[in-house]
Structures are given as structure tokens and as C-alpha cells.
Amino acid sequence: MQRRNFMIGAAGAVALFPRSVPAVSPQRRQTPSRRPRLPLTELRDQYRRDLFTDFLPFMEKHVIDPEFGGFRCNIDHLANRLNHNKLSWFEGRGIWVYSFLYNNLAREQNYLDVARRSLDLIMKIKPQGDDLWPKEITREGKQLTSADGEIYGDLFIAEGLAEFSKATGDGSFWDEAKQILLKCVRLYDKPDYRPTIGQTYLGPSAAPFPGARIQGVWMTLIRTTTQMLETRSDQEIESVAERCLSAVTNHHYNPDFGLINELINHDLSRPANEYAQLVYTGHSIEILWMLMLESVRRRDETLFDKLAEWFKRHVEVAWDDVYGGVFRNLQNVDKNIWLVDKVLWAQEEVLIGSMLIAERRGYDWAIEMFRRTNMYVRKNYVLKKYGSPLWMYASDRKASYEAFLKMPKRVENFHHPRHLMLNLLGLERMLRA
């Protein structure tokens, strides 16, 4: 059996990052009792088809705006368009996707041009001072709806700018990203930030929660800061990264049940009401692989191991033993109350994190977690049998096509390609090792 075709337990684990990052010492690895295998070549080829044969051509033909730039994501999986409106979230995300694609997988000018034209569109309406980008805009770039105080859109634009800076070698885009990020931190630190945030997770009757500290915000901040610091050292950005790591590991993590709370008080204390029981497992699974990447940037192997164990626990708790896949929202831990819809992005966060751990540690459980989730996703979310190269972005507990058809019509331009690109890079590194 050729080593290049299979990954085997601890012996086959390789470094996820450049050779300058210290490898984990042998005595700290788990010795697998059996050696589950992954067909690396076949997986690599499948991921390349998913990205370059299916996803990117659909985007080019139906989503990318050839006239004004940007991403017209209000379209269904069969290319039936609702309208030409755009979202600042999806513009920032799209800039990152196409810049990252150019930087890491396909250094083709047309990909960089897609990112540049989206950037040109969104920068035409750059807000002043501490104002935020509008959430929804017209095809031409005119405001339709405000951000309503929510900073996610600006943070995605910052992430896109930082990656575009790397692609072009123009540091002014990195500087712009820094200013946007620091603005968002100032807004997030206001004691009245987003008082209705709890309604996102517990429903419209949830009590107001002004100034809540939100795992989802730390998540977006840490992903942006880690990538920015890989490009350039900066003490202010380093301080934000430190805040994110400390907030999640020292405050959001709840030792009473070994899970991460989504919302805690502004002063980082634990709430004494229904929010103390809320664990948004989708975000927890997602942020944990991001924090693992931050631990690698810091060369902190002990932190990586702790986060990997937390990742394992959250996936195991969220896993649906009846139909497969993970749930994203545990509304009450003690009463075991879940929302049981299934979103693709949560499944793909499992795939990213489990491959990251498999690559760096070679643990049997991570390899098996990737295998099981990959099998589940490809069986249930791929839409080729329904005439589309896309995957369902959400559905019901059974991941039925009928439930997906009732969902709002849109194309996912971020989580899906991010998963494909990150795991494709991991597979290619393992094949080269």
C-alpha cells in the first residue's frame, strides 16, 4: 500500500503549516489502537471537482455580476433569480474567497479581478467614522437597508481586505482592514451593543440582552486577526486576538457542562437566566478550529490539544445519532432542547476541524469523524441528482430535498468554498509529505 495514497493514524500525520512550525513531539501523540485510512488521492480529486468543476463555474455564470461587480446571491440552485440585490456580508466574504483562491490554489488573474471588482463596489459606499456599511444594497451599490448596529458585515469586509492585500502586495488594504476591525471592536465594547441579540438564538420572545458578549463576534474577530497577524505583526491586532482567545476559553466555556455558552454578560460573567443554558454548537465547532489555527500561529501545542478535545466533545454532543449530522443550536442544556434543522455550514465546520486535527495529530477519532461526516454530507446535501452543481445550504432534520425547497432562495458563497479550499490544501499537503 503506497503511503501517498493513504493517511494512517499517528504515523501518517504531517504538519498543517510551514516547516518553521514545530511538530508535536512523539510522546504527546495518541497511539491508535487501529489504523483507519483515508484515500487521500481520491479525496483530493473529489475536492478539486467540487471546487473547480462545480462551484466556481456556477458562480461565474450565474452569481458574479459582470456589469457592476460583486455577488448576486439571491438565486436558487437551478439559477432562478429572485433579484439582483447584494449583501455587504456576502461582498466581504466573496472578496476573501476569491483572494484566498488566488493566493493559494489558482493564481489566475480572473479570480483576483472578481475580488477587486467586488471591493470597488463596496468601497464606493464606505461609511464615515464609526458608521457601518449598509446590510443590503442594490446591484449598483446603493443602500437598501442599514446594518442596524450589527458589525458582522464590516468584519467580513475587513477579512476580505486583508486577504486581498496579501494577493496584491498592497499594504494599504491591510491598513484599511485594521481600521475597520478596530472600529468594530469599539462598537462591540459599548454596553448597549445589540440588545435584541438573544432573539437570534432563543426566538422572538427572548429577553433583551444589551451588551452581551457573543461567541459569534469573537469567532469573526479571531479568524480575521489570525490571518492578519500571519501577514504582519501588529500589537493592537495581537491584543484583539488575545482578547478573543481569553474570552472563549476563560469565560464562554462553561465547566459545569463542558460546553461553550454563546452569550454571556458584558463584563464576561455568566448570566443567571435562560442564556446560561444556551450553547450554539454550530458556532462552537466553528470557532474551535479557528482557535486551533491561532494556537498554531502562537506555537502553543498544549493549547491546540485542549481545543482539539473541546472540538471532539462539541461534535459528539451535537451529533444526531438517528439521522446523522450535527445540530447547531442547543437552546437549553439541562432540558436538552434543540433546534433540529440541519445547516450545511455546521457540517462543513466539522469537516474542516476534523481534518485539521487528523493532519496535525493523526488521531483515530478525528479521522473517523471526518470520514463519517463526509459520508453524511455527500449522501444528503449534494444536488447533482436534482440537476444542480451546488449543495443544499440548509434543510430539516432528515436533510430532505423537499424541506430545502421551502428555504429562502440564495447561494452560499462563503462557508462552502472555504471548506473546499481549506481541506483541499490539507489533502495536497498530506500527499506531498
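In this report, the structure presented in the accompanying data block is examined. (Residues numbered from 1 in each chain as written. Predicted model: local features only at pLDDT ≥ 70, side-chain atom pairs only at ≥ 80, totals over all residues. Heavy atoms only, no water.)

Now for the overall build of the chain. Helix and strand counts for the chain stand at 14 helices and 13 strands. Since a compact globule built from 433 residues should have a radius of gyration of about 22 Å, the 21 Å found for the chain is in line with a globular shape. Looking at the chain as a whole, 61% of its 433 residues qualify as buried. Here the contacts in the chain between residues at least 6 apart in sequence split such that 67% fall between residues at least 24 apart. As presented, the chain carries roughly 17300 Å² of accessible surface, and 50% of it is formed by carbon and sulfur atoms. Here the chain holds 60 positive side-chain charges and 55 negative ones, and the gap between their average locations is 5 Å. (Helix = DSSP H or I, 4+ residues; strand = E, 2+ residues; numbered from the N terminus. Rg over C-alpha atoms; globule rule 2.2 N^0.38 Å. Buried < 20%, exposed > 50% of the residue type's maximum accessible area, 1.4 Å probe, protein only. Contact = heavy atoms within 4.5 Å. Areas by Shrake-Rupley, 256 points an atom, 1.4 Å probe, with all protein chains shown as cover. Lys, Arg positive; Asp, Glu negative; His and termini not counted. Charge placed at Lys NZ, Arg CZ, Asp CG, Glu CD.)

Moving on to the environment of Leu 330. As for its position among the elements, Leu 330 is in strand β10 (residues 329-332). When neighbours within four sequence positions are excluded, Leu 330 is seen to be in contact with Leu 259, Gln 277, Leu 278, Val 279, Asn 336, Ile 337 and Trp 338.

In this structure the tally under the stated criterion is 34 salt bridges. Notably, a salt bridge pairs Asp 320 with Lys 342, separated by 3.1 Å at the nearest N-O pair. With Asp 320 in the loop between α10 (301-318) and β10 and Lys 342 in strand β12 (residues 342-343), this residue pair connects regions lying 22 residues apart in the sequence. Lys 342 carries the same exposure label as Asp 320, and that label is buried. For Asp 320, a relative accessible area of 2% puts it in the buried group. Three or more residues are tied together by salt bridges with common partners; here these are Glu 238, Glu 242, Glu 294, Arg 297 and Arg 298. (Salt bridge = Lys/Arg side-chain N within 4 Å of Asp/Glu carboxyl O.)

By convention here, two paired aromatic rings are described through the distance between centres and the angle between planes. This model, assessed by the stated rule, comprises 21 aromatic pairs. Geometrically, the ring pair formed by Trp 89 and Phe 156 is tilted, given 5.5 Å between the ring centres and 55° between the ring planes. Highlighted residues: Trp 89 in helix α2 (residues 88-104) and Phe 156 in helix α4 (residues 152-168), separated in sequence by 67 residues. Exposure remark for Phe 156: the relative accessible area of 7% places this residue in the buried category. Positioned above the aromatic ring of Phe 304 is the side chain of Arg 360, whose terminal nitrogen or guanidinium carbon lies 5.4 Å from the ring centre. Note that Arg 372 overlies the ring of Trp 319, its terminal NZ or CZ placed 3.9 Å from the centroid. (Phe/Tyr/Trp six-rings, centres within 6.5 Å; stacked < 30°, edge-to-face > 60°. Lys NZ or Arg CZ within 6 Å of the ring centre and 35° of its normal.)

The three strands are arranged β3-β4-β5 in an open sheet whose pairing can be described as antiparallel. Either end of the sheet is taken by a strand with one partner, and the two such strands are β3 (86-87) and β5 (143-145). Here two bridges tie β3 to strand β4 (residues 136-137), and the two strands are oriented antiparallel to one another. Paired with Lys 86 across the bridge in β4 is Ile 137. (Pairing = 2+ DSSP bridges.)

Mapped onto the elements, Thr 373 comes out in helix α12 (residues 364-380). The class for Thr 373 is buried, based on a relative accessible area of 0%.

Next up on the list: α12. The end-to-end C-alpha distance of α12 is 24 Å, a good match for the 24 Å that 17 residues give at a rise of 1.5 Å each. Of all the positions in α12, only Asp 364, Trp 365, Ala 366, Ile 367, Met 369, Phe 370, Thr 373, Asn 374, Tyr 376 and Val 377 are classed as buried. (Expected span 1.5 Å × (residues − 1).)

This next bit is on the state of the cysteines. By the definition in use, this model includes zero disulfides. With no disulfide of its own, Cys 184 has Cys 244 as its nearest cysteine by sulfur position, at a separation of 12 Å. (Disulfide = S-S within 2.5 Å.)

This part is about the packing of helix α1 (residues 40-63) against α12. Relative to each other, α1 and α12 sit at 40°, their axes nearing to 14 Å. Classed by the angle they form, the pair α1 and α12 counts as oblique. α12 is crossed by α1, and the crossing has left-handed handedness. For the pair α1 and α12, the contacting residues are Leu 43, Gln 46, Tyr 47 and Asp 50 in the first and Phe 370, Asn 374 and Arg 378 in the second. Tallied by class, residues from the contact of α1 with α12 come to three nonpolar, two polar and two charged. (Axes fitted to C-alpha atoms, helices over the stretch in contact; angles between N-to-C directions. Parallel < 35°, antiparallel > 145°, perpendicular 65-115°, else oblique. Left-handed = near helix turned anticlockwise from the far one by under 90°. Nonpolar A, V, L, I, M, F, W, Y, C, P; charged D, E, K, R; others polar.)

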